[in-house]
Every structure is written in structure tokens, then in C-alpha cells.
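Okay, here's what each chain looks like letter by letter:
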Amino acid sequence: MKYRWLLFIFVAALSVPLILGLQSILVLLPAPFNNISLPVIALSLGLLIWKSGVIVWYAAALFAMLDWYTATPYGLVLYAGTLAMLVVIWLYRAVITNQGVLAAALVAFTITSFFQLFYALGRAGLSLVTDTVVFPGAAWLSTYVAQVLITVPVTVLLYVVLARLIPVLKVTHTHRSTLYG
Amino acid sequence: MSKTVRTTLLIIGVLGLIVGLRLAGYTRFLEQAARAVTDRIVRAAYQTSGAAAKSQALRAIETAQCLPEDTKIRLLEDENAALREQLFFLKDTARHVGAQVIGRDLDPLGTTIIIDQGAAAGITVNRPVIVGNGLFIGKVARVNETTAVVRLLSDFQSSVAATVANREKSLGVVEGGFGLTVRLNLIPQNELIKPGDAVITSGLEAGIPRGLMIGTVEVVEKKPQEPFQEAILNPTADLEALSVVSVIL
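Calculation rules
Residues numbered from 1 in each chain as written. Chains lettered and ligands numbered in written order. Predicted model: local features only at pLDDT ≥ 70, side-chain atom pairs only at ≥ 80, totals over all residues. Heavy atoms only, no water. Helix = DSSP H or I, 4+ residues; strand = E, 2+ residues; numbered from the N terminus. Rg over C-alpha atoms; globule rule 2.2 N^0.38 Å. Buried < 20%, exposed > 50% of the residue type's maximum accessible area, 1.4 Å probe, protein only. Contact = heavy atoms within 4.5 Å. Areas by Shrake-Rupley, 256 points an atom, 1.4 Å probe, with all protein chains shown as cover. Core = buried A, V, L, I, M, F, W, Y, C linked by side-chain atoms within 4.5 Å. Buried area = accessible area lost by both parts, 1.4 Å probe. Salt bridge = Lys/Arg side-chain N within 4 Å of Asp/Glu carboxyl O. Polar contact = N/O pair within 3.5 Å; in protein donor to acceptor, adjacent residues only side chain to side chain. Nonpolar A, V, L, I, M, F, W, Y, C, P; charged D, E, K, R; others polar. Phe/Tyr/Trp six-rings, centres within 6.5 Å; stacked < 30°, edge-to-face > 60°. Pairing = 2+ DSSP bridges.

A. Focus on the overall build of chain A. Counting its regular elements, chain A contains six helices and zero strands. Helices (α) and strands (β) of chain A occur, in sequence order from the N terminus, as α-α-α-α-α-α. On C-alpha atoms alone, chain A measures out to a radius of gyration of 16 Å, which is about the 16 Å that the 2.2 N^0.38 rule sets for 181 residues. Along the three orthogonal principal directions, the C-alpha set of chain A runs to about 50 × 35 × 30 Å. Among the 181 residues that make up chain A, the fraction classed as buried is 52%. When contacts within chain A are restricted to residue pairs at least 6 apart in sequence, those whose partners lie at least 24 apart make up 67%. Accessible surface, chain A: about 8600 Å² in total, of which carbon and sulfur atoms supply 75%.

Okay, here's the thing in C-alpha cells:
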């Protein structure tokens, strides 16, 4: 337990650059496959494996670095991603409370939805104070739909594969809930 | 105050601190150290991808490696001629910085590229970016110390003042957000434009010189009830296969 944070830093230092590298290949795929969001997949599976609030800090590290490679003002992706993860972990503990294919799909769907929601709200807010950001409108909606239609099935597929390899992902695996203390 | 609210406020506070420290430049050292690794990974990923392989320069090199000597010489002569052409074009402009494309925007909503030159090389926001013999591909959207993000013509947020090489020298605004094509808007109805007409930057926008080639008119959309006509353009530069670009300072 004492070395939990060290383990977290080790995992983040190894996996975040890898996710950035793989995502930079994925965005070059032809549409609609360029909408596969590896951060969403990683966070969904990470949540189902760890089932801990540490995933929110992992999301912060991931989106802080991802934000270096976007054209929007620094902080927009970081805030949208981390807050989305914060909402999803609460939903996971209070509403989903389960694991399995449906839970994986719901987690991926809610992360994508809340990220896109906070991202759009952030852009809308920034567009009021600066000319360098505009509200994406129709482009945002089509990206969101494509991201859900592509990322959710890929997450489910990876979950099914990983559940055979990682015992903690199996439906029959029980874990202690922290919701009611 | 419940634990959930406290944790939420803590996280929001930490995020604010990260953004604030970065804006103030206190995390530069840390960021440069981390980016020394991540930039390499992103660049390697881009360069091994199909888009980079499609680039003309790499194609020329790969082809040259498998062809007989005389063909290699002919290819090198062609490449030399293209580079001279770019050099002569850039000689007329005040200053420029050559940069290599290291990746694409990781946000699928945007159509942008990341280049390996930034504020340290004198690049500022809204500078025009070209390839080849003055083919306009976009403008600098965000500048970091050693990298910059270039918003391509086809991005939904892209707009540039342009003029058509027709008799009236029609003025308009080229906007992206329509897939691989771009649109020329705000052309008065009484002016005649036709498919095949060249569209160049008008020079009416601060920092963007006149005469950078944008594309050619593909289709003209004229509705009598509207005050302006529109044209769909085919960008001259291949925006999907960019490897080396120049930023005009």
C-alpha cells in the first residue's frame, strides 16, 4: 500500500507516452476509424481493472500530456477529460456498480459523452472571450456520434479479450465496494 | 463538507494549478523533459504511418533506392529543380523557417498538424505555412517552445482572405470544415467565376502575403436569392501527405 503511488507513477510513465504514440497513428486512419479514442479505451479498462479513484489522477496525467498536441488553448482537454472521469467514476460506483460487457460499454459511452459535453461547453465558453476558439457545432456532433459508434465497440471487444487474461475483469470476480463505507 | 465534494474541489484546484503554472512558464523545464520522450514517440508514429510514407520526399527516396543509376540521377535532378523552385519562391519573402511535420492533432475534431519548430525559432500565431512553390496549407494556431500546431485549410475553424484569378479579381473568404475540400464564400453574385480558376491569398489579411496558391475552383454554387455565390475548391497541396513545410515569418 505504501508503494501504491510509486506503482501508479511507474504505470503512468510507461503507458501515457505509449497511448500518445498509438493515438497519433490512429488519428491518421481513414474516417470514421480515426475517431477511435485510445484514451477513452484505456480509461474505461483502467477503471474496470483498478476500480479506484486513482484513475482520475491517471486521467489528469494523460490529458495534461494529450493537451500538448491539440490546437485548443491549454487546459481545455485537461479539464474536460479529468472532469469527465470524475463524473464517470461516481456513476460507476453509484449506478453501474457492476462489471461485464455491458458495464464496459456503459463506461466507454459515458466517458466519451461527458468528455465531449465538457469539451463543447469549454469551447463555447472560450468562444465568448477569445476569437481563436469557435464553437464546433455540427462538426462536434458528427465527431461525437462517430466516436461513440467506433470507440464503444472497440472497448467492448478489448474487454472480452482482456477478461480472459486478467482475472479481475471477469464478471464473477467480486470486489469490495467503497460506496457505503 | 463530504469527502466527494472535497476530492472534487481538490482535483479542480490541482488542474487549475497545472494550467496556471504552465501559462506562467514554471513547468517549462518539466514539460521539455517529458516532451523529449513523447515528441519522439509521436514523430516516430507519424513517420511510420501511411501518411508520411505517401509524402513525395520519402517516395522519391524509396524509389531512388530501387532504380538504376540513370533513373536515380533523373529523380535527383527533378528533386533538385523542385527545391530550387521552393528556394526561389522563399527568397522573395522576408523570412521563413523550415519545419518537419511530427504528427497530427490528437483531437479528431480538428484538422491540424504539429511541426518541430516553435517560439524558439521565431514562429508566432497566425503565420502562414506553405509547402513546395508557395502552396498555402494553413496558419499557425498554437505555439509552444519547440513545436507549433498548424491549422490546415480544411479545418472547420480555418478561414483565410482569398482572391480568384479571374477578370474581376473576385475577393472572398476560404473556409474549411467540409472534409477534404474547402469553400470560397462571400463572392458577389455579379462576378464571373468558373471551374478551373486559381484561388490565391489576397494579402488583405495581416501577416499573410498575397499570391500564395490555395487551390482551384471545382464547382460554383450560385443561388439567385442570395447576395453572394460560393465555390467549392480543390486545395492544390495534398493536405493528407505533409512532411516538410515552411513557415513564413
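B. Just the nonpolar core, in detail. Ranked by size, the top nonpolar core spans 71 residues in total, and within it Leu43 and Tyr58 of chain A carry the most contacts. If you list the elements that add at least two residues to this core, you get helix 1 (4–26), helix 2 (38–50), helix 3 (54–66), helix 4 (76–96), helix 5 (101–129) and helix 6 (138–165) of chain A together with helix 1 (3–24) of chain B. Considering each element in turn, this core owes the most residues, twelve residues, to helix 4 of chain A. Not counting residues within four places of it along the chain, the set of residues in contact with Leu43 of chain A comprises Ile55, Tyr58, Ala59, Leu62, Phe63, Met85 and Ile111 of chain A. Residues Ile123, Val160, Val174 and Val247 of chain B belong to the second largest nonpolar core, which totals 39 residues.

C. Expanded view of unusual backbone geometry. All names here are of chain A. If you check the backbone angles, Lys51 has positive phi at about 55° while not being a glycine. By the element assignment, Lys51 lies in the loop between helix 2 and helix 3. With a relative accessible area of 14%, Lys51 lands in the buried category.

D. A look at the interface of chain B and chain A. Contacts between the two partners involve 36 residues from chain B and, on the opposite side, 39 residues from chain A. Around 3400 Å² of area is buried between chain B and chain A when both sides are counted, 74% of it from carbon and sulfur atoms. Considering only the surface of chain B that becomes buried against chain A, Leu106, Leu109 and Arg142 of chain B emerge as the three largest contributors, covering 21% of it. Connecting chain B to chain A are zero salt bridges. Applying the counting rule to chain B against chain A returns eight residue pairs in polar contact (both at pLDDT 80 or more). Contributions of two or more residues to the side of chain B that touches chain A are made by helix 1, helix 2 (28–47), strand 2 (112–115), strand 4 (135–143) and strand 5 (148–152) of chain B. At ten residues, helix 1 of chain B tops the list of elements feeding residues into the side of chain B that touches chain A. In terms of residue class, the side of chain B that touches chain A is made up of 20 nonpolar, seven polar and nine charged.

E. Focus on the environment of Thr38 of chain B. By secondary structure assignment, the location of Thr38 of chain B is in helix 2. Overall, the relative accessible area of 1% leaves Thr38 of chain B in the buried class. When sequence neighbours within four positions are dropped, the list of residues in contact with Thr38 of chain B reads Pro17, Leu20, Met65, Trp68 and Tyr69 of chain A. Among the polar contacts listed, one links the side chain of Thr38 of chain B to the side chain of Tyr69 of chain A, at a separation of 2.8 Å.

F. Seen up close, the pattern of salt bridges. Residues and elements named next belong to chain B. All chains considered together, the criterion is met by nine salt bridges over all chains. Here Glu31 ties to Arg22 by a salt bridge, and the two come within 2.9 Å at their closest N and O atoms. Across the pair, exposure class does not vary: Glu31 and Arg22 are buried alike. For Asp197, the salt bridge identified is with Lys194, shortest N-O distance 3.4 Å. You can call Asp197 buried: its relative accessible area is 8%. Looking at Lys194, the relative accessible area reads 49%, which means it is partly exposed.

G. Structural view of the packing of aromatic side chains. Residues and elements named next belong to chain A. This structure, assessed with the given rule, holds six aromatic pairs over all chains. Measuring from ring centre to ring centre gives 6.4 Å for Phe8 and Tyr58, while their planes differ by 75°; the resulting arrangement is edge-to-face. One end of the pair, Phe8, is in helix 1; the other, Tyr58, is in helix 3, with 50 residues separating them in the sequence. A ring pair is formed by Phe115 and Tyr119, whose centres lie 5.8 Å apart and whose planes are at 20°; its orientation type is stacked. One end of the pair is Phe115 and the other is Tyr119, both in helix 5 and four residues apart, which spans about a single turn.

H. Geometry of the pairing of strand 8 (residues 181–188) of chain B. All names here are of chain B. When strand 7 (residues 171–178) meets strand 8, the two strands line up antiparallel, connected through four bridges. Paired with Val173 across the bridge in strand 8 is Asn185. Counting the residues in the hairpin turn of strand 7 and strand 8 gives two residues, including Gly179, whose phi is positive at 75°. Where strand 8 and strand 11 (residues 228–235) come together, five bridges link them in antiparallel fashion. Paired with Ile187 across the strands is Gln229, a residue of strand 11.

I. Structural view of the environment of Val160 of chain A. Within the secondary structure layout, Val160 of chain A lies in helix 6. Given the relative accessible area of 36%, Val160 of chain A is considered partly exposed.

J. Inspection of helix 4 of chain A at higher detail. Within helix 4 of chain A, 15 of the 21 residues are buried, which leaves the element mostly enclosed by the surrounding structure. Thr97 of chain A lies just past helix 4 of chain A and shows a positive phi near 45°.

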